[in-house]
Amino acid sequence: AARAAAAAPDARVRVIDVPGHARLRDVLRAAVPACAAVVFVIDALDVKQQVRDGAPILYDLLVDKTLRRRRVPLLIVCAKSDIITAAEPEAVEHALATELERLRSTRQSVSAHVGSTAGDDDVGGGASSGGGDADDALGDPNAAVDLHALDNPVAFAATSAKDGDVDAVYSFIANAFKLARVTADADDA
């Protein structure tokens, strides 16, 4: 956060680290309304398992009405890129898009069979509960999931904490903070 704050010396950036465990979903829900940006970390050494475990959380973030309305940017970090067997960001993106498409299809099927039910707007509400409306759909339901064609800007970056190669994360946070300040200033006008 220190490098991000250096880009805007008068600013403080609050970073909330929420592990992906289901028991901590309430912490994530509580943090979402105040988010100026989301950094979503995938272990690039274990993409198959990481995508399977993380895609439902990412799906809920991407369809969250608060995040969508505010167009909160998301950075998907492909961690451990220093290791030769780590997947490239493009491979992680493809795996995530494929899994998100599978989830979208499953959730739409469940919703069609169960019928529309009242869900809340928070992460883990509407779409994941099997109910919801068309706003719960991820992207165009008649097309393949394209992470770059969603309401929220989505970017990918390869990083290595071991090598100190995390500049993409600092830049993303600094840019997201600047965008949040510009948006807040425009809303106040």
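Data block above holds the structure.
Residues numbered from 1 in each chain as written. Predicted model: local features only at pLDDT ≥ 70, side-chain atom pairs only at ≥ 80, totals over all residues. Heavy atoms only, no water.

**Remarks on the overall build of the protein**
Looking only at helices and strands, the protein features six helices and three strands. Helices (α) and strands (β) of the protein occur, in sequence order from the N terminus, as α-α-β-α-α-β-α-β-α. The contacts of the protein with a sequence gap of at least 6 include a subset with a gap of at least 24, amounting to 78%. When the accessible surface of the protein is summed, it comes to about 10600 Å², and 52% of that surface belongs to carbon and sulfur atoms. (Helix = DSSP H or I, 4+ residues; strand = E, 2+ residues; numbered from the N terminus. Contact = heavy atoms within 4.5 Å. Areas by Shrake-Rupley, 256 points an atom, 1.4 Å probe, with all protein chains shown as cover.)

**Quick look at helix α3 (residues 47-63)**
Between its terminal C-alpha atoms α3 stretches 22 Å, which fits the 24 Å expected from 17 residues at 1.5 Å a residue. Residues Val 47, Val 51, Gly 54, Ala 55, Ile 57, Leu 58, Tyr 59, Asp 60, Leu 61, Leu 62 and Val 63 constitute the buried set of α3. (Expected span 1.5 Å × (residues − 1). Buried < 20%, exposed > 50% of the residue type's maximum accessible area, 1.4 Å probe, protein only.)

**Let's talk about the nonpolar core**
Soluble, globular proteins show a tendency: their nonpolar side chains are buried together. One finds Leu 61, Leu 62, Leu 100 and Leu 147 to be the most contacted residues of the largest nonpolar core, which totals 33 residues. Of all the secondary structure elements, the ones that give two or more residues to this core are β1 (38-43), α3, β2 (74-79), α5 (89-114) and β3 (154-158). Counting residues per element, this core draws most heavily on α3, at nine residues. Leu 75, Ala 157, Phe 172 and Ile 173 belong to the second-largest nonpolar core, a separate cluster that totals six residues. (Core = buried A, V, L, I, M, F, W, Y, C linked by side-chain atoms within 4.5 Å.)

**Details of the sheet that holds β3**
One open sheet accounts for three strands, arranged β1-β2-β3; its pairing is parallel. Looking at which strands have only one partner, the edges of the open sheet turn out to be β1 and β3. Across the sheet, the mean angle from the axis of one strand to that of its neighbour is 25 degrees, orientation sign disregarded. In the packing of α3 onto the sheet, contacts are made with β1, β2 and β3, and the angle to β1 comes to roughly 165 degrees. (Pairing = 2+ DSSP bridges. Axes fitted to C-alpha atoms, helices over the stretch in contact; angles between N-to-C directions.)

**Remarks on the layout of surface pockets**
There is about 1300 Å³ of room inside the largest pocket. In terms of lining, the largest pocket is formed by 43 residues, of which the most central are Ile 16, Asp 17, Val 18, Val 39 and Phe 40. Secondary-structure elements contributing two or more residues to the lining of the largest pocket are α2 (25-31), β1, α3, β2 and α6 (167-188). In terms of residue class, the lining of the largest pocket is built from 29 nonpolar, six polar and eight charged. (1 Å grid on protein atoms, 1.4 Å probe; cavity = no way out; pocket = protein on both sides within 12 Å on 5 of 7 lines; lining within 4 Å. Points joined across faces, edges and corners; volume = space filled by probe spheres on them. Nonpolar A, V, L, I, M, F, W, Y, C, P; charged D, E, K, R; others polar.)

**Points about unusual backbone geometry**
Glycine aside, the phi torsion of most residues is negative, and most peptide linkages are trans. Backbone geometry at Arg 71 places phi at a positive 50 degrees, although glycine is not the residue there. One non-glycine residue, Lys 80, lies in the positive phi region at around 65 degrees. Within the fold, Lys 80 resides in the loop between β2 and α5.

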